[in-house]
Amino acid sequence: MCLLLLSPATRAQQTGIDSLQFNLNAHLQRDTVRVDLLNQLSRLYFTKDAGIAARLGEEALSISNELGYVKGKIWATRNLALVENTKGNLDKQLQLTFTALKLAEAQGEPRTLGILNNDVGNIFTEQNSPRDALIYLLKSLQIKEQLKETPEISKTLNNIGSAYIALKKTDSALLYLTRSEKLKLSLRDERGLAYTYENMGIVAMLEHRYQTALRYHELSARYYKNTDNQPGITKASLNLAEVQTLLGDLNSAEKNLDTALAINSKLGNVKNEMIYYKIRSRLDSARHDYASALKHYQAFSERNIDYFNIEKLRQISRSTMKYETEKKQRENVMLKKEQQLHLATIQQQRVLVLSGAALFLALLLITAMVYRLYKHQQELYQQLNSKNQEVSLQNHIILEQNATLENLNQVKDKIFSVISHDLRSPLAILEGLLFLLKDEKIDAQQFRFYTDELWRDVKNTAYMMDNMLQWASNQMKGISVKADDFDLTLLLNQEFELLQTMARQKDVKLTHELKNAILVYADPDMIRLVLRNLINNAIKFTPGGGEIVLKAQLEKGEAQVSVKDNGTGIPTDDQHRIFSNIYYSTTGTRNEKGCGLGLHLSKDFVERNHGHIWFESKPGEGSCFSFTVPLSDEQEINARGYTVVLQDNPVSGMSVLRR
């Protein structure tokens, strides 16, 4: 009776599962027959229960490895790849699918090659690489059309449409999707129609035909439910929620979002979770619940950053693989040239030896010619040695270039990491607030509520950007020290007002005890960055109610500056990492972020100016960072006992030294 209540497609699928399960239970022998039953059953289960599908696929792969059954390995690996797709693990799916494709290419079975090339194309589409996807999909379509397999042709036509959607070529996408729909309707393929109608709904949304999009997404949802496709139901629910929000049907949109969230909590698909928060933010905004809209937009932004990082790592990995491949090709060319040179030399030596032997036997009297041949051979050896030295020199140059490229690649990776992790987050929050303010969905009073926190985040981001640019410049082309005499107290006062503003926002008291002019000889821009980093770090790790004090003293031809706070301190286990080459960064007392470059850069700048830097810290009690910088000649003479007169500068208002 339960089966009679299901749709024809679901009843047929359930009947197939029950029949295969019965045969599998009856056939316990670990042979190729059991492998084929396991693979067929795993393929039917992957959209219903990914856990069962994975267990069946792993058993099929284990038995196939024992038996050396290549066909079983191919389909078991392909089923395990499909399971990874339901979880959103596209990199793992691509790795498994390429493994299956290599095995299939060795066998040369056309039908299997058509299916696996189709799978690879699908993965590239989901990874936002539609141009790569079309190479494999068109190859798959060509194979399937030669075999005249209509069901498989309809699948690949649908997937080509998906690739053109990713390229924003809706006319081309609709052409292939319409051909796929026609074939699937003739086959009564409800499972396949669900995917095609989903894509046709996406095309309609891109063209702003929302009523048409709603109709297609409703058809897609119905067919996904009829075939009990859990990942498909999740996607269909998200698509319906998005178009219903745009059409103003907010209650229906919320129900579909709840359905998607419930199913995806079991599947664990990160991309679907990101889409959920994006649509939820739009729904809250449509209901004028701007606080919830901002919260959900921030949740979407965080997951979007994580997804961006994955894409970035994938691109870096591809670039690295391409670099390694080109490197190996260059090495192979060099080795081939060396081999040809050695073979030519050996051949020359053989010819010379044979010629010498023949001449010696035939013409014993022509000793002069033999001597010339001997000299010629010596010259060849010298030429060979010279060429070997040239090859060694070229190899040394290549190794140096590789080291330089690797160093530049590390600089690039660090810059990408800072941009993706530390700079995008405050920009994303600013984007969300401006989005609400632009559409007049939040008033000025509400906007001012976030202004102080947003200003602090943006200013902190500006400091991080300054550190990153200084560090990148230092790594890539070096920074020259432009030392000059300047007043350290005046330089500090120029930066102090802005830093005090940041401190007051955290209710932190920031004071300094530099009353008189202190003339030092160093690069003022470098020392300015050192002071800014040390004070900013102290503010970052000092909670509200805390205090930061700057002191300076003169001794032995140096000015010693100290920045002391009573904040959180540095954990004992992490203190050895502060000035090392390991970029160390933690969040502040109000989740302020850093890029891990400030203290490393400060140490470099202090030492370039012939000073040194150190710190003392106790966890829970605070930290004191100190550095020295050489005094100017005038300041050093005054410090040795000459009469010093403090006079007020009528221009700057600062006290200056006069002898």
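Think of each chain on its own: its residues are numbered from 1, step by step along the sequence as written. Per-residue local features of the predicted model are confined to residues with pLDDT of at least 70, and side-chain atom pairs are confined, for both listing and counting, to 80 or more; whole-chain, interface and lining totals are unaffected and use all residues. The side-chain values count all of the structure's non-hydrogen atoms but skip hydrogen atoms and water molecules.

Observations concerning the pairing of strand β6 (residues 613-618)
Each residue's exposure class comes from its accessible area (1.4 Å probe, protein chains only) as a fraction of the maximum for that residue type: buried when under 20%, exposed when over 50%, partly exposed otherwise. Runs of H or I in DSSP of at least four residues are treated as helices and runs of E of at least two as strands, each being numbered from the N terminus. What you see with β6 is a clean split: Ile613, Phe615 and Ser617 sit on the buried side and Trp614, Glu616 and Lys618 on the side with no burial. Inspection of the sheet shows β6 paired to strand β7 (residues 622-630) by 6 bridges, in the antiparallel sense. Pairing of Trp614 across the sheet is with Ser626, part of β7. Any two strands with at least two DSSP bridges between them are considered paired. The antiparallel pairing of β6 with β7 creates a hairpin that spans 3 residues between the two strands, and Gly620 there sits at a positive phi of about 85°.

As for the packing of helix α7 (residues 110-126) against helix α9 (residues 150-166)
As a packed pair, α7 and α9 sit with axes 10 Å apart at the nearest point and diverge in direction by 20°. The angle between α7 and α9 falls in the class roughly parallel. Taken as a pair, α7 and α9 cross one another with a handedness that is left-handed. Residues Arg111, Ile115, Asn118, Asn122 and Thr125 of α7 form the contact with α9, whose participating residues are Glu152, Lys155, Thr156, Asn159, Ser162 and Ala163. Each residue is assigned to one class: nonpolar for Ala, Val, Leu, Ile, Met, Phe, Trp, Tyr, Cys and Pro, charged for Asp, Glu, Lys and Arg, and polar for all the others, Gly among them. Looking at the contact of α7 with α9 residue by residue, the classes come out as 2 nonpolar, 6 polar and 3 charged. Fitted lines through C-alpha atoms give the axes, limited to the stretch in contact for helices. The angle between two N-to-C directions lies from 0 to 180 degrees. Here roughly perpendicular refers to angles of 65 to 115 degrees, roughly parallel to angles under 35, roughly antiparallel to angles over 145, and oblique to all remaining angles. Note: crossing handedness is left-handed where the near helix turns anticlockwise from the far helix by less than a right angle, and right-handed where it turns clockwise. Working rule for contacts: check all heavy atoms of both residues, and any pair within 4.5 Å makes them a contact.

Looking at the pattern of salt bridges
Salt bridges are defined by distance alone: a side-chain nitrogen of Lys or Arg within 4 Å of a carboxyl oxygen of Asp or Glu. Inspection of every chain in the model, using the stated rule, returns 19 salt bridges. Among the salt bridges present, the one from Arg111 reaches Glu149, with a minimum N-O distance of 3.3 Å. Highlighted residues: Arg111 in helix α7 and Glu149 in the loop between α8 (130-147) and α9, separated in sequence by 38 residues. Exposure remark for Glu149: the relative accessible area of 22% places this residue in the partly exposed category. A salt bridge links Lys155 to Glu152; its shortest N-O distance comes to 3.5 Å. A residue pair is termed a helical-turn pair when its members lie 3 or 4 positions apart in one helix, as Lys155 and Glu152 do in helix α9 at 3 residues. Members of the salt-bridge network, linked through shared partners, are Glu254, Asp258, Arg280 and Arg287.

Observations regarding the side chain of Ser626
With respect to the secondary-structure elements, Ser626 resides in strand β7. Polar contact is defined as a pair of N or O atoms within 3.5 Å, subject to the rule that within protein one atom must be able to donate a hydrogen and the other to accept it, and that residues adjacent in sequence are counted only when both atoms are side-chain atoms. Looking at Ser626, its side chain comes within polar contact range of the side chain of Ser562, at 2.9 Å.

Comments concerning helix α4 (residues 50-67)
Here α4 is 18 residues long and its end C-alpha atoms lie 26 Å apart, about the 26 Å a rise of 1.5 Å per residue gives. Three or more residues of α4 are buried, namely Ala50, Ala53, Ala54, Leu56, Gly57, Ala60, Ile63 and Ser64. Measuring from the side-chain oxygen of the N-cap residue of α4 to the backbone nitrogen of Gly51 gives 3.1 Å; that N-cap residue is Asp49. Backbone geometry just downstream of α4 places Gly68 in the positive-phi region, at approximately 70°. Any helix carries an expected span of 1.5 Å times its number of residues minus one.

Details of the nonpolar core
Put simply, buried Ala, Val, Leu, Ile, Met, Phe, Trp, Tyr and Cys residues joined by side-chain atoms within 4.5 Å make one nonpolar core. Counting residues in hydrophobic clusters, the biggest one holds 45 residues, and the most contacted among them are Leu116, Leu134, Ile160, Tyr164 and Tyr197. When residues no more than four places from it in sequence are discounted, the contact partners of Ile160 are Leu134, Leu137, Leu138, Leu141 and Tyr176. The next biggest cluster of nonpolar side chains, apart from the first, holds 41 residues, and it includes Leu492, Leu514, Leu550 and Ile578.

Some details on the sheet that holds strand β2 (residues 509-512)
Sheet strands line up and pair through hydrogen bonds in the backbone, either parallel or antiparallel. Read across the open sheet, the 5 strands follow the order β2-β4-β5-β7-β6; overall the sheet is mixed. Strands at the two margins of the open sheet, each flanked by one partner only, are β2 and β6. Direction aside, the axes of adjacent strands within the sheet are offset by 15° on average. Sheet topology note: the strand β4 (residues 547-555)/strand β5 (residues 558-565) ladder contains 8 bridges and is antiparallel. Residue pairing across strands places Leu554 opposite Ala559, the latter belonging to β5. Packing of helix α19 (residues 488-505) onto the sheet brings it into contact with β2, β4 and β5, and relative to β2 it is tilted by some 175°. Together, β2, β4, β5 and β7 form the strand contacts of helix α20 (residues 524-540), whose direction differs from that of β7 by roughly 175°.

Description of a negative patch on the surface
Patch criteria: residues need more than 30% relative accessible area and no salt bridge. Like-charged residues are merged within 9 Å; nonpolar side chains of Val, Leu, Ile, Met, Phe, Trp and Tyr are merged within 5 Å. All accessible-area figures derive from a Shrake-Rupley calculation using a 1.4 Å probe, and residue coverage is judged against the displayed protein chains alone. His is not counted, nor are the chain ends, whereas Lys and Arg count as positive and Asp and Glu as negative. Where a charge lies is defined by one atom per residue type: Lys uses NZ, Arg uses CZ, Asp uses CG and Glu uses CD. A cluster of acidic side chains, namely Asp484, Asp485, Asp633 and Glu634, defines a negative patch on the protein surface. When contributions to the negative patch are tallied by element, the ones reaching two or more residues are β1 (484-487) and α22 (633-639). What makes Glu634 partly exposed here is its relative accessible area of 33%.

Side note on the packing of aromatic side chains
Stacked, edge-to-face and tilted are the three classes for Phe, Tyr and Trp ring pairs, Trp counted by its six-membered ring, which pair at centre distances within 6.5 Å; planes under 30 degrees apart are stacked, over 60 edge-to-face, the rest tilted. Summed over all chains, the structure comprises 11 aromatic pairs. Their ring planes at 90° and their centres at 5.4 Å tell us that Tyr195 and Tyr224 sit as a pair that is edge-to-face. Of this pair, Tyr195 sits in helix α11 (residues 190-206) while Tyr224 is found in helix α12 (residues 210-226), placing the two residues 29 residues apart along the sequence. On the numbers, 6.3 Å between centres and 85° between planes, the contact of Phe579 with Phe625 is edge-to-face. A residue pair is termed long-range when its members are at least 10 positions apart, and Phe579 in the loop between β5 and α21 (598-608) and Phe625 in strand β7 qualify at 46 residues. Comparing Phe579 with Phe625 shows no difference in burial state: the two are buried. Members of the aromatic cluster, each reached through a chain of ring pairs, are Phe98, Phe124 and Tyr136. By the criterion adopted, a ring carries a charge over it if an Arg CZ or a Lys NZ lies within 6 Å of its centre and within 35 degrees of its normal. Over the aromatic face of Tyr216 sits the side chain of Arg215, whose NZ or CZ is 4.8 Å from the ring centroid.

A few points about unusual backbone geometry
Phi angles above zero are rare outside glycine, and Asp228 is one such case at about 55°. With respect to the helices and strands, Asp228 occurs in the loop between α12 and α13 (230-247). A relative accessible area of 24% means that Asp228 is categorised as partly exposed. Despite not being glycine, Lys556 shows a phi value in the positive range, around 50°. Counting through the fold element by element, Lys556 comes out in the loop between β4 and β5.

Quick notes on helix α14 (residues 250-267)
Along an α-helix, a turn takes 3.6 residues, which lines up residues three or four apart on a common side. In a regular helix each residue adds 1.5 Å, so 18 residues correspond to 26 Å; α14 covers 25 Å between its end C-alpha atoms and thus fits that length. Of all the residues in α14, the buried ones are Leu250, Ala253, Asn256, Leu257, Ala260, Ile263, Asn264 and Leu267. Viewed end-on, α14 has its buried residues packed into an arc of 155°, placing them on one side of the element. The exposed set on the far side of α14, more than 90 degrees from its buried face, consists of Asn251, Lys255, Ser265 and Lys266. Taken together, the buried residues of α14 touch α5 (70-86), α13 and α15 (270-286). Directions are taken from the helix axis to each C-beta atom, and the arc is the one they span.

Observations concerning the confidence of the model for the chain
Predicted confidence across the chain gives a mean pLDDT of 82, with 78% of residues reaching 70 or more. Per-residue pLDDT stays below 50 along residues 1-6; that stretch engages in 4 contacts with residues further than four places along the chain or on separate chains. Here residues 642-659 is modelled with pLDDT under 50, and outside its nearest four sequence neighbours on either side it reaches 34 contacts, counting other chains as well. pLDDT is a per-residue confidence score from the predictor, ranging from 0 to 100.

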